[in-house]
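Below are the chains, spelled out letter by letter.
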Amino acid sequence: MDSPSKPSSQAAALAAQELREVDATIVQRLSSDVPLVGEVARYIIAAGGKRLRPVLLLLMSGALGSQHPQRFNLAAVVEFIHTATLLHDDVVDESTLRRGRSTANEVFGNPASVLVGDFLYSRAFQMMVEAGSMRVMQILADATNVIAEGEVLQLMNMHDASLDEAGYLRVIRSKTAKLFEASCLLAAVLAGAPPEVEAACAEYGLSLGTAFQVIDDVLDYEGDAAEMGKNLGDDLREGKATLPLILAMQLAPADQAAIVRSAIETGNTADLDAIVAIVRGCGALERTKAAAAVQAQQAIDAIRGFEPNAYTNSLLELAAQLLLRRA
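Source: prediction; values computed, not measured.

Attention shifts here to the overall build of the protein chain. Each helix and strand in the protein chain was counted, giving 16 helices and 2 strands. The C-alpha radius of gyration of the protein chain comes to 19 Å, within 12% of the 20 Å expected for a compact globule of 327 residues. Here the protein chain holds 327 residues, and 57% of them are scored as buried. Put simply, of all contacts in the protein chain between residues at least 6 apart along the chain, 79% involve residues at least 24 apart. Entry remark: accessible area of the protein chain is about 13600 Å², with carbon and sulfur atoms responsible for 53%.

Written out as structure tokens, the structure reads:
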């Protein structure tokens, strides 16, 4: 199964040329007179997956027939904001592995990771000013604030086995999906789209981002560490009640649900193999995939009325891939 953060082949090919412009902007704007800043930033940017958030901004621009010159700059901005959150996340979570290699905090230490994350946030804000649009600044400032709130909310929910599906969705919409939403909304603003189109773009991004995170949480129980580039069971160790675990506590027999509940509350992974078997065996993964499919369908519905072109088709394909994963 492809990583949930990997764009479809059509989307990736369509955005490839423009992504090279974004990558050039990223390299240029990582420059600093402090060598460690560039070293840490380049380390994590180089491991940055497929640039999904910039891809969404570029594809949505194409879907709206826009070639605004600021699209490359703002695509780099959303990647910088995303990268900063990864640096801070890995410190908070005490993670040692991301995308199959050591995290920046494991290589450079926690202080350097936190401070370079701060550098990326502040550099992103320098760059968004260059767009010369208060609306652009508002969208990105609001998104960054909501993401930070989501991080704190997740921290508050650690080891809380009573967290329900609504509480889980609130966290991932703030922490993860908000930047998807902002990426798509920025494209609409740059295109000068009317309010109803802005709203459709935002809905697409929010729903797609939510679906991607839900699927990511499924993969923690379907893959292994080599496939996922992360330590299987990390969420459990950190006391995170992700949707597969929440649903397992509802669907599994009482004795099995108690094992899951205890692990979340204590962070004890001694029963990790048993918990994986419980999650896989009680129907929780199928129910979680169905929840992702609902979000993916909302994304499709949001832009179904857009002018058909290769970019719109690619956006629809991204969401449709997640729909197919409910099986």
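Once you've had a look at it, read on.
Attention shifts here to the confidence of the model for the protein chain. Taken over all residues, the pLDDT of the protein chain has a mean of 90, while the share at 70 or more is 92%. Across residues 226-230, where pLDDT falls below 50, the model places 11 contacts with residues more than four positions away in sequence or in other chains.

Considering all chains together, one arrives at 0 disulfides under this definition. Left without a disulfide partner, Cys 184 is nearest to the cysteine sulfur of Cys 201, which lies 6.7 Å away. Cys 184 gets classed as buried once you look at its relative accessible area, which sits at 0%.

Interhelical geometry of helix α2 (residues 35-46) versus helix α6 (residues 110-129) gives an angle of 90 degrees and a closest axis separation of 9 Å. The orientation of α2 relative to α6 falls into the category roughly perpendicular. Mapping the contact onto sequence places Leu 36, Val 37, Val 40 and Ala 41 in α2 and Ala 112, Val 116, Phe 119 and Leu 120 in α6. Taken together, the residues of the contact of α2 with α6 break down into 8 nonpolar, no polar and no charged.

For the rest of this paragraph, the subject is the nonpolar core. Leu 56, Met 60, Leu 74, Leu 140, Tyr 204 and Leu 208 are the most contacted members of the largest nonpolar core, which totals 109 residues. Excluding residues that lie within four positions of it along the chain, Leu 56 makes contacts with Phe 180, Cys 184, Tyr 204, Leu 208, Leu 315 and Leu 318.

Using the criterion set out here, one finds 11 salt bridges in the structure. Measuring nitrogen to oxygen at the nearest pair gives 2.8 Å for the salt bridge that ties Arg 304 to Asp 301. A relative accessible area of 52% places Arg 304 in the exposed class. Put simply, Asp 23, Arg 51 and Glu 79 are held in one network by salt bridges that share partners.

Our focus in this paragraph is α2. In an α-helix, one turn spans 3.6 residues; hence positions three or four apart end up facing the same way. Between its first and last C-alpha, α2 extends 16 Å over 12 residues, near the 16 Å set by a 1.5 Å rise per residue. Taken together, the buried positions of α2 are occupied by Val 37, Gly 38, Val 40, Ala 41, Tyr 43, Ile 44 and Ile 45.

It is worth spelling out the packing of helix α8 (residues 165-190) against helix α9 (residues 195-222) at this point. Contact geometry of α8 with α9 gives a least axis separation of 7 Å together with a crossing angle of 140 degrees. Of the possible angle classes, the one that applies to α8 and α9 is oblique. In this structure, the crossing between α8 and α9 has a hand that is right-handed. Classifying every residue of the contact of α8 with α9 by side-chain character gives 15 nonpolar, 5 polar and 5 charged.

Once that is clear, we can look at unusual backbone geometry. Positioned with a positive phi, Glu 94 is a non-glycine residue whose angle comes to about 55 degrees. Here Glu 94 lies in the loop between α4 (71-93) and β1 (97-98). The exposure class of Glu 94 is exposed, given its relative accessible area of 66%. Unusually for a residue other than glycine, His 159 sits at a positive phi of about 65 degrees. Structurally, the position occupied by His 159 is in the loop between α7 (134-157) and α8. A residue is classified by how much of its surface remains accessible, and His 159, at 33% relative accessible area, is partly exposed.

What follows is about the side chain of Lys 175. Within the secondary structure, Lys 175 is located in helix α8. A polar contact is formed between the side chain of Lys 175 and the side chain of Asp 89, at a distance of 3.2 Å. Aside from chain neighbours lying at most four places away, what touches Lys 175 is Asp 89, Ile 147, Gly 150, Glu 151 and Gln 154.

This brings us to the side chain of Ser 66. Among the structural elements, Ser 66 can be located in the loop between α3 (52-63) and α4. At 3.4 Å, the side chain of Ser 66 and the backbone nitrogen of His 68 are in polar contact. Filtering out sequence-adjacent residues up to four positions away, Ser 66 remains in contact with Ser 61, Leu 190 and Ala 191.

The rules behind these values
- Residues numbered from 1 in each chain as written.
- Predicted model: local features only at pLDDT ≥ 70, side-chain atom pairs only at ≥ 80, totals over all residues.
- Heavy atoms only, no water.
- Helix = DSSP H or I, 4+ residues; strand = E, 2+ residues; numbered from the N terminus.
- Rg over C-alpha atoms; globule rule 2.2 N^0.38 Å.
- Buried < 20%, exposed > 50% of the residue type's maximum accessible area, 1.4 Å probe, protein only.
- Contact = heavy atoms within 4.5 Å.
- Areas by Shrake-Rupley, 256 points an atom, 1.4 Å probe, with all protein chains shown as cover.
- pLDDT = per-residue confidence, 0-100.
- Disulfide = S-S within 2.5 Å.
- Axes fitted to C-alpha atoms, helices over the stretch in contact; angles between N-to-C directions.
- Parallel < 35°, antiparallel > 145°, perpendicular 65-115°, else oblique.
- Nonpolar A, V, L, I, M, F, W, Y, C, P; charged D, E, K, R; others polar.
- Core = buried A, V, L, I, M, F, W, Y, C linked by side-chain atoms within 4.5 Å.
- Salt bridge = Lys/Arg side-chain N within 4 Å of Asp/Glu carboxyl O.
- Expected span 1.5 Å × (residues − 1).
- Left-handed = near helix turned anticlockwise from the far one by under 90°.
- Polar contact = N/O pair within 3.5 Å; in protein donor to acceptor, adjacent residues only side chain to side chain.

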